[in-house]
Amino acid sequence: MDNETLNRLLGNQPELKEALVQFNKQHQQCFNFTHLTTSGQWTLLWNRFFDYLTDPEMAEYREDCLVAIKLLSRDRTYLNETVAVDQLDCLLGLAGIGEVAGGGGGVWDATEEVQVEALKCLSNLIFQSKKCQEFCLGNASTEGILRRVKMYKDGNVCYDIRFFDMKLLFLLTAINCDIRSKVRDDLHGLTYLVETLDLFMGEAAENKEFNDKDLELVNEVLKVLFNLTVRTPLNAVPEEDEANQFHRLAMVIHDLFFYRTLNRDKIVSLQSNIINLLTSVPVSCYTELVSPLNLCDPDSKTVVPFEERNVYVLQVLVDFLGRQFHKSEKKSDQFELLSPILTVLIKVIRASGLNRRYVRSVILPPLVDVKERPEIGTELRNYLCSLLTSPCTQIADLSAELLFVLCKENVGRMIKYTGYGNAAGLFANRGLLGGRQGNTQEYSSDSEDSDTEEYKQMQHGINPVLGCYEPPKPNPLEGMSDEQKEYEAMQLVALMDQLQRQGIVQACKIGEDGRPQPVDHILELQDEIPEQQRDHKRKT
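Residues numbered from 1 in each chain as written. Predicted model: local features only at pLDDT ≥ 70, side-chain atom pairs only at ≥ 80, totals over all residues. Heavy atoms only, no water.

A. Representation of the overall build of the protein chain within the structure. The secondary structure content of the protein chain amounts to 26 helices and seven strands. Residue pairs in contact within the protein chain that sit at least 24 positions apart in sequence constitute 70% of those at least 6 positions apart. Accessible area of the protein chain: about 27500 Å², with a carbon and sulfur share of 50%. (Helix = DSSP H or I, 4+ residues; strand = E, 2+ residues; numbered from the N terminus. Contact = heavy atoms within 4.5 Å. Areas by Shrake-Rupley, 256 points an atom, 1.4 Å probe, with all protein chains shown as cover.)

Below, the structure written as structure tokens:
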């Protein structure tokens, strides 16, 4: 920067306003201020702009100074060593979330435009600077935001301030676990944020349709709520007070599924944020996602009747899973796209028998066409079966658990719908090889199998390993003498032993715990033949 421009920005001169506007316009798209950091000008400008902010006689320059600080904060080169506590307190005061009267920093009398720009500066600083994150553990930033959140119901806080309040709170709770605990446990943030979400929904209650700004606000609140609830494990039982908060949250989430927007992409982003939040809601609260049918308008498009209940929310979740399958063509995207919705569906079907029966009717309907392998096709069952052998083990495990619970943890039923080959990994991990069953006592004893005529006609020819019909093949041993058969068998044993010695394969037998155990020599597999024969006789 030339000396004339620098002097205009550093000097208290009549042309300062014009210099600030020009600087901000020139650097609007700039994210790297090397030309200022290498010359030492960045630090000079940073400190001088804060001098202007704290000077009551220069209040007319505040908004432009804040824009300039926001731009400079994009470059973190000297941010940590330059930013000071009093500068952060200054921004908190201008944003309206500083200490109350009697404390340090103060809440300044600032216009809405100044408050918004101050919030933007704070967001940049929290994101860019570890030092600022540490400052926020001891200052009044979170208390200030929640203090203003309580004022939203009065209707005196504009959209931009509410939006950037939520943005800043999201950053604070996402980056620092201690701040997250403080907001959740000490400041009762979960309660206030659920009330805020309900408030924003109420503002669009007349037709249950969000405009773009409403939707942006709701999405930001959902992301903050996710940060506050993410600590809850999959099957954890919360304390009584926390359980009540989660049940209230689940009720609000249920209602949120019924809101619409004209922009399809926007509603997908809303559903994605809801699903992310649901991953940290306890299973015990999932009963709130299904409502009584008699409370619904029978002609509404948001009514999906099933066993005298409206399972519209469950249908939305299943539809979302289908859309995610089409997005996850790249293997690298599978975990990010599929993990949240698979986790939520597992919790849904574990929450109640009704939920499981409905989801099963959609994902695992009675088999009709068994000519193709279960992992081939465009139905949800096909996609899920294809994930059972995914190189992303987390996704393979989630898909396997979803299908297994839908099958009431019945090994035979799982093999019927997926094929033994696809499900072998699940069986091995759970010790279910060798005929053991899963935890079937958790489920009702009534059978939900209703084999179709098509399935019954082909059942005799279904290969349980492949999970599909396999036409009869000629017997390769036909016409061989017993000596030839024995010779071929020993050749096969020798080849398998060679592969094992080279470390290419590892022969295993099924241990007492139902899991595979390696053998030292291939001939050890003979020890299991008598037991297998006895099992076969018992089954037949």
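B. The arrangement of the nonpolar core in detail. Membership of the largest hydrophobic core comes to 156 residues, with the highest contact counts inside it found for Leu256 and Phe427. In this structure, Phe427 is in contact with Phe404, Val411, Met414, Ile415, Tyr420, Leu432, Leu433 and Gly514, ignoring residues within four places of it in sequence. (Core = buried A, V, L, I, M, F, W, Y, C linked by side-chain atoms within 4.5 Å. Buried < 20%, exposed > 50% of the residue type's maximum accessible area, 1.4 Å probe, protein only.)

C. View of the side chain of Thr196. Secondary-structure assignment places Thr196 in helix H13 (residues 189-202). Reaching out from Thr196, the side chain makes a polar contact with the backbone oxygen of Tyr192 at a distance of 2.8 Å. Every residue in contact with Thr196, bar those within four places of it in the chain, is listed here: Val149, Tyr152 and Val221. (Polar contact = N/O pair within 3.5 Å; in protein donor to acceptor, adjacent residues only side chain to side chain.)

D. Spotlight on the packing of aromatic side chains. Applying the stated criterion across every chain, the model contains 13 aromatic pairs. Where Phe404 meets Phe427, the ring centres are 6.4 Å apart and the plane angle is 65°; that geometry is what we call edge-to-face. In this pair, Phe404 is assigned in helix H21 (residues 393-406) and Phe427 in helix H23 (residues 420-430), connecting sequence segments 23 residues apart. When its relative accessible area of 0% is taken as the criterion, Phe404 is described as buried. One aromatic cluster in this structure is built from Phe23, Phe49 and Tyr52. Seen from the ring of Tyr152, Arg162 lies directly overhead, with NZ or CZ sitting 5.8 Å from the centre. Between the NZ or CZ atom of Lys223 and the centre of the ring of Phe170, over which it lies, the distance is 5.4 Å. (Phe/Tyr/Trp six-rings, centres within 6.5 Å; stacked < 30°, edge-to-face > 60°. Lys NZ or Arg CZ within 6 Å of the ring centre and 35° of its normal.)

E. The arrangement of helix H5 (residues 62-72) in detail. Extensive coverage of H5 is indicated by the burial of 10 of its 11 residues. Every buried residue of H5 is listed here: Arg62, Asp64, Cys65, Leu66, Val67, Ala68, Ile69, Lys70, Leu71 and Leu72. Buried residues along H5 sit in contact with helix H2 (16-26), helix H3 (34-37), helix H4 (41-54), helix H7 (85-95) and helix H8 (112-128).

F. Seen up close, the sheet that holds strand E3 (residues 309-310). Read from one edge to the other, the open sheet built from three strands follows the order E1-E3-E2, with strand pairing classed as antiparallel. Sheet topology places strand E1 (291-292) and strand E2 (305-306) at the edges, where each strand pairs with a single neighbour. Across two bridges, the pairing between E1 and E3 is antiparallel. Across the sheet, Pro292 pairs through a bridge with Arg309, a residue of E3. (Pairing = 2+ DSSP bridges.)

G. Representation of the pattern of salt bridges. As enumerated under the stated definition, the model contains 18 salt bridges in all. Notably, a salt bridge pairs Arg162 with Glu203, separated by 3.2 Å at the nearest N-O pair. With Arg162 in helix H11 (residues 159-175) and Glu203 in the loop between H13 and helix H14 (212-229), this residue pair connects regions lying 41 residues apart in the sequence. Residue class for Arg162 comes out buried when judged on its relative accessible area of 9%. (Salt bridge = Lys/Arg side-chain N within 4 Å of Asp/Glu carboxyl O.)

H. Main features of unusual backbone geometry. The backbone of His188 shows a phi angle near 55°, a positive value even though the residue is not glycine. One can find His188 in the loop between helix H12 (177-186) and H13. With relative accessibility at 45%, the residue His188 sits in the partly exposed group. With a phi close to 55°, Glu409 is a non-glycine residue in the positive phi region.

I. Inspection of the environment of Phe23 at higher detail. As for its position among the elements, Phe23 is in helix H2. In this structure the C-alpha to C-alpha distance between Phe23 and Leu71, which are 48 residues apart in sequence, comes to 9.7 Å.

J. Representation of a negative patch on the surface within the structure. A contiguous patch of negative charge, built from Glu63, Glu112, Glu113 and Asp160, is present on the exposed surface. With respect to the element layout, Glu112 can be found in helix H8. (Patch = residues over 30% accessible without salt bridge, like charges linked within 9 Å, V, L, I, M, F, W, Y side chains within 5 Å. Lys, Arg positive; Asp, Glu negative; His and termini not counted. Charge placed at Lys NZ, Arg CZ, Asp CG, Glu CD.)

K. Molecular detail of the packing of H8 against helix H9 (residues 130-138). Where H8 contacts H9, the axes come no closer than 5 Å and their chain directions differ by 110°. One element, H8, and the other, H9, form an angle in the roughly perpendicular class. Residues Leu125, Ile126, Phe127 and Gln128 of H8 touch H9, and the partners they reach there are Lys130, Cys132, Gln133 and Cys136. For the contact of H8 with H9, the per-class residue count stands at five nonpolar, two polar and one charged. (Axes fitted to C-alpha atoms, helices over the stretch in contact; angles between N-to-C directions. Parallel < 35°, antiparallel > 145°, perpendicular 65-115°, else oblique. Nonpolar A, V, L, I, M, F, W, Y, C, P; charged D, E, K, R; others polar.)

L. Spatial organisation of a nonpolar patch on the surface. A grouping of Leu499, Ile504 and Val505 is seen on the molecular surface, where their side chains present a nonpolar patch of about 240 Å² in accessible area. As for its position among the elements, Val505 is in the loop between helix H25 (482-501) and strand E6 (508-510). Using a relative accessible area of 38% as the deciding quantity, one classes Val505 as partly exposed.

M. Molecular detail of the environment of Ile69. Turning to its location among the elements, Ile69 is positioned in helix H5. Each C-alpha atom, one on Ile69 and one on Phe50, is 8.3 Å from the other, the two residues being 19 residues apart in sequence. Sequence-distant contacts of Ile69, that is, excluding residues within four places in its chain, are made with Trp46, Phe49, Phe50, Leu53 and Cys121.

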